[in-house]
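The residues making up each chain are set out below.
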Amino acid sequence: MTNSRLNFAKTAPKAFKALIGFDAAARAGLDPALVELVQIRASQLNRCAYCLHMHTSDARKAGESEERLHMVAVWHEAGHFFSEKERAALALTEAVTLVSGGVPDDVYAGALEQFGEEELARLLALIFTINTWNRIAITTAKVPGTDERAAR
């Protein structure tokens, strides 16, 4: 099946490049393993198969265990697989991704306690960017397993 939807990167290159810059700025100083966990969880919640495939692959390449990757979707029930900081990041990821109910004060306070203001700001930016990437991939019907990053 051929994808008849537009290629966002080629059709809106300035917006695409700006998002890449925002994403890079968000990641700066964050633990790379935490970055992947956040991106995986947001992609699960948004049902973005393209991004989920990309970020689980990246996590594996970075040395993340299969065991922890399988537990991300059920981290509430399998919290012992994740550090307190990772659990705070996953909770914040869920609250921001599913924002229609707002971000609960206790979730925000827990993340602030674990990250401090500067790192929390970068974490929030990361959550914002993965949600944007998810929406781009879903809207333009990106096909899982066709990571185009190497082509750029």
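Residues numbered from 1 in each chain as written. Predicted model: local features only at pLDDT ≥ 70, side-chain atom pairs only at ≥ 80, totals over all residues. Heavy atoms only, no water.

Visitor: Tell me about a nonpolar patch on the surface, and name the residues and values.
Guide: Together, Val99, Val103 and Tyr108 give the surface a local cluster of nonpolar side chains, amounting to about 240 Å² of exposed area. Secondary-structure assignment places Val103 in the loop between helix H6 (84-97) and helix H7 (105-139). Among the residues examined, Val103 registers a relative accessible area of 31% and is labelled partly exposed. (Patch = residues over 30% accessible without salt bridge, like charges linked within 9 Å, V, L, I, M, F, W, Y side chains within 5 Å. Areas by Shrake-Rupley, 256 points an atom, 1.4 Å probe, with all protein chains shown as cover. Salt bridge = Lys/Arg side-chain N within 4 Å of Asp/Glu carboxyl O. Helix = DSSP H or I, 4+ residues; strand = E, 2+ residues; numbered from the N terminus. Buried < 20%, exposed > 50% of the residue type's maximum accessible area, 1.4 Å probe, protein only.)

Visitor: Lay out the packing of aromatic side chains in plain terms, naming residues and giving numbers.
Guide: Inspection of every chain in the model, using the stated rule, returns two aromatic pairs. Pairing Phe16 with Trp133 gives two aromatic rings, centres 5.4 Å apart and planes at 75°, and the pair type is edge-to-face. Here Phe16 is found in helix H2 (residues 13-27), whereas its partner Trp133 is found in helix H7, with 117 residues between them in sequence. Each of the two residues, Phe16 as well as Trp133, counts as buried. Here the aromatic residues Phe8, Phe16 and Trp133 are joined through ring pairs into a cluster of three or more. (Phe/Tyr/Trp six-rings, centres within 6.5 Å; stacked < 30°, edge-to-face > 60°.)

Visitor: Could you give an account of the packing of helix H3 (residues 32-45) against H7, with specific residues and numbers?
Guide: At their nearest, the axes of H3 and H7 sit 9 Å apart, and the two run at 40° to each other. Our classification of the angle between H3 and H7 gives oblique. The handedness of the crossing between H3 and H7 comes out as right-handed. Note on element contacts: H7 touches H3 through Phe115, Leu123, Leu126, Ile127, Ile130, Asn131 and Asn134, opposite Leu34, Val35, Val38, Gln39, Ala42 and Ser43. (Axes fitted to C-alpha atoms, helices over the stretch in contact; angles between N-to-C directions. Parallel < 35°, antiparallel > 145°, perpendicular 65-115°, else oblique. Left-handed = near helix turned anticlockwise from the far one by under 90°. Contact = heavy atoms within 4.5 Å.)

Visitor: An account of the nonpolar core is requested, with residue identities and associated values reported.
Guide: Among the nonpolar cores identified, the biggest contains 28 residues, and Val38, Leu92, Phe115, Leu120, Leu123 and Leu126 are the most heavily contacted of them. Elements with a contribution of two residues or more to this core: H3, H6 and H7. Per-element accounting of this core gives the leading share, nine residues, to H7. Not counting the four nearest positions on each side in its chain, Leu126 is found in contact with Ala26, Arg27, Leu30, Val35, Val38 and Gln39. (Core = buried A, V, L, I, M, F, W, Y, C linked by side-chain atoms within 4.5 Å.)

Visitor: Could you give an account of H2, with specific residues and numbers?
Guide: End to end, H2 covers 21 Å across 15 residues, agreeing with the expected 21 Å (1.5 Å per residue, within 8%). For H2, the complete set of buried residues consists of Phe16, Leu19, Asp23 and Ala26. For H2, the buried positions fall inside an angular range of 85° around the axis, keeping them on one side. Residues of H2 that are exposed and point more than 90 degrees away from the buried face comprise Lys14 and Lys17. Once H2 finishes, Gly29 follows within two positions and takes phi at roughly 90°, a positive value. (Expected span 1.5 Å × (residues − 1). Arc of directions from axis to C-beta.)

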